[in-house]
Amino acid sequence: MGLHGVLRMAADGEIVVDVRDLRMRYGRTDVLDGVTFAARRGEVLALLGPNGAGKTTTIEILEGFRMRSAGQVSVLGTDPGHGGEDWRARIGVVQQSWRDHAKWRVRELLAHLGRYYAPYSTAELPRPWNADELLATVGLTELAGQKIRRLSGGQRRRLDVAIGIVGRPELLFLDEPTAGFDPQARRDFHDLVHRLSDLDETTIVLTTHDLDEADKLADRIVILAGGQIVADGSADELSRRMSTQAEVKWSRDGQRFVHSADDPTRFVRDLFRQYGESVEDLEVRRASLEDTYMALVRRIEAGADPAYDAVARKFSVVAG
Amino acid sequence: MSAWWTAVRAGFERGWIELKQTYTNADSLIPTVIVLAGFILVMLITRRTVVPGTHFSLGTTMLVSLIGMNVGVNGLATMGALLATEREDGTLLRAKATPNGMAGYLIGKIVAVSGVIVIGVVTTFIPGSFLFHGLAVGSATAWLTLIWVLALGLVATLPMGAVLGSLFPSARSAGLITLAIGGITAVSGIFYPITHLPQWLQVIGQVFPLYWLGLGMRSALLPVSLASVEIGHSWRHLATFGVLGAWAGAGLLVAPVLLRRMARHESGSAVAARREKAMLRVQ
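Residues numbered from 1 in each chain as written. Chains lettered and ligands numbered in written order. Predicted model: local features only at pLDDT ≥ 70, side-chain atom pairs only at ≥ 80, totals over all residues.

1. Looking at the overall build of chain B
The cut-off we apply is this: Runs of E in the DSSP output that reach at least two residues are strands. Runs of H or I that reach at least four are helices, and both are numbered from the N terminus. With the radius of gyration taken over C-alpha atoms, the globule rule is written as 2.2 Å times the number of residues to the power 0.38. Buried means a residue has 20 or more other C-beta atoms within 10 Å of its own C-beta, exposed means 12 or fewer, and partly exposed covers the counts in between; C-beta atoms are placed from the backbone. Any pair of residues counts as being in contact when their C-beta atoms, constructed from backbone geometry, are within 7 Å of one another.
Looking only at helices and strands, chain B features eleven helices and zero strands. Secondary structure of chain B in N-to-C order comes out as α-α-α-α-α-α-α-α-α-α-α. The globule rule puts the C-alpha radius of gyration for 283 residues at 19 Å, and the 20 Å found for chain B is close to it. Referenced to the eigenvectors of the C-alpha coordinate spread, the extents of chain B come out at roughly 60 × 50 × 35 Å. Classification of the 283 residues of chain B by burial places 44% in the buried group. The long-range share in chain B, meaning contacts at least 24 apart out of those at least 6 apart in sequence, stands at 82%.

Right, dumping it as structure tokens:
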């Protein structure tokens, strides 16, 4: 079953993650300000946003590692703030960077952590995964006897993913899974995520600041900026909505002009009516999802008030 | 099989794996051997010196006291430092992300550190008994006393060590635990009879478990006549049991509360923030 199969199923699948009006406040700063979204069974959902957008905070609340200030959150039908061990057994967690168990050996740790899941095994979902099979899946068979501290960054990350899924989770959280990867390692990792999402209808919630990654991996993208959701939809839906905006470039009397227009056809018609033959070098380019996202990231990184930023508003308009 | 029982078994597996790591890893093995060799050297030098007021070797007395000290120092400092370090590197968070992982982690830690302590007792005792004479190892009472002091010493110090580890924010600051314990050792009558210290230092020494562990071990392995140099000219078994028991009770009462609080506050970004702070200090 490929990505499309998952998509089809996701459309009417049960809701696995349900977040409503989630708020997180540190002192006087609102890190999350009314975040609402949901993920269905079998779906791969990407939380996309620039650094500091609140992605990690959101995912840590869903993982049950952080208490929220306000709002309703349900993960596999349970409030993660009060999730017990049997709830914990159904979710897998891959955090941004692990440095633990450096003295342990790869297979030793994977088999050890798998043990804890055995009491939660069911006829439909036998737990845990066999450690050797899992090592083969993530391509670490040759390093099974290696000490963990000797692994490279990419190898370590693949082990982290193996540990995240050793209990055969119904829901897997991946926080910035490819940060610091070279392009080859990134592509391998994307293949791995696709394979995972094809297995057992595993629901995957991942965070990334890279639109390209979200586009490649996710059935649905939720864009988070300044603690608020500014867009929510499939990559196709988002780019269709974005493409209403276009950039028009032309020159007249040796001077270059650039204008962004909601209705470029009409704008160009008016342009010719007004200046006729003197308009030269005309170029009309529809803004891609990437252009709009990059503009948002640039504005936020330049220190503009992210929550009420004009670009963010533009996003909200098209997302709404 | 119940989840709890699985966690207990996984905890023992974990403890065993980490115990093996301690003795197959040059990083942890070399310091252990150096410290042990250093102590034996000091004891050999003081072998001909006698405990004041007796004809008994100070070196032999020191050997026995050190066996007691080893229990206390490992129980408090090693346990504390491991907990602080493994909170910093994310091991605890990993345990938290695993069902019943926290229980397994703690059981594993208790097994591993107890193992280190018991191995420490044995590896000090065996070479010691060849090099030093006069140890009362022939009687069953000696061994019984050694076993109950050792067992009670573990229960008195391991939970307290975990409490210390949960209170200190980083592995680096946990170094203070070792420093403080070094200070306490100095007033615990390990290297010289406590009766030769000023009264107020004697009082301080007797508050902590290290003195009582040393006394308990001396009572087990030294001739009865040596009790004459102790406070009250007695081995004070009842008081030993009382003080170590009080530490055990306090530790078992406080540790679960603090460990639960520590576990609750554990998250990926908390681990990352601590690491960042640690990196800043290095620069």
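2. Details of the interface of chain A and chain B
For the record, the criterion: Each residue receives one of three labels: charged for Asp, Glu, Lys and Arg, nonpolar for Ala, Val, Leu, Ile, Met, Phe, Trp, Tyr, Cys and Pro, and polar for the others, Gly being one of them.
Taken together, the contact between chain A and chain B spans 27 residues of the former and 26 residues of the latter. The set of elements that each furnish at least two residues to the side of chain A that touches chain B consists of α2 (55–62), α3 (85–88) and α4 (106–115) of chain A. At four residues, α4(A) tops the list of elements feeding residues into the side of chain A that touches chain B. Classifying every residue of the side of chain A that touches chain B by side-chain character gives ten nonpolar, six polar and eleven charged.

3. Some points on the environment of B:Tyr105
All names here are of chain B. Along the chain, Tyr105 falls in helix α5 (residues 101–131). We classify Tyr105 as buried; it has 25 C-beta atoms within 10 Å. For the pair Tyr105 and Arg94, spaced eleven residues apart in sequence, the C-alpha to C-alpha distance is 9.5 Å. Filtering out sequence-adjacent residues up to four positions away, Tyr105 remains in contact with Leu92 and Ala95.

4. Quick look at helix α9 (residues 209–221) of chain B
Each α-helix turn comprises 3.6 residues. Residues three or four places apart therefore point the same way. Heads up, the rule is: One less than the residue count of a helix, multiplied by 1.5 Å, gives the span that helix is expected to have.
For α9(B), built from 13 residues, the straight-helix expectation of 18 Å at 1.5 Å per residue is met to within 8% by its first-to-last C-alpha distance of 18 Å. Summarising burial for α9(B): 13 of the 13 residues are buried, a large majority.

5. Considering unusual backbone geometry
Look at the link from A:Arg127 to A:Pro128: it is a cis peptide, with omega at -10 degrees. Position of A:Pro128 among the secondary structure elements: in the loop between α4 and α5 (131–137).

6. Concerning the domain arrangement of chain A
Residue and element names in this part refer to chain A. Put simply, the rule is: Delimitation of the domains relies on an automatic or database domain assignment.
On domain assignment, one finds that chain A holds domain 1 (3–90 + 170–238), domain 2 (99–166) and domain 3 (239–319). For domain 1 and domain 2, the distance between their C-alpha centres works out to 23 Å. If you look at the interface, domain 1 gives nine residues, while domain 2 gives nine residues. Considering each element in turn, the side of domain 1 that touches domain 2 owes the most residues, three residues, to helix α7 (residues 183–198). The residue inventory of the side of domain 1 that touches domain 2, partitioned by class, reads six nonpolar, one polar and two charged.

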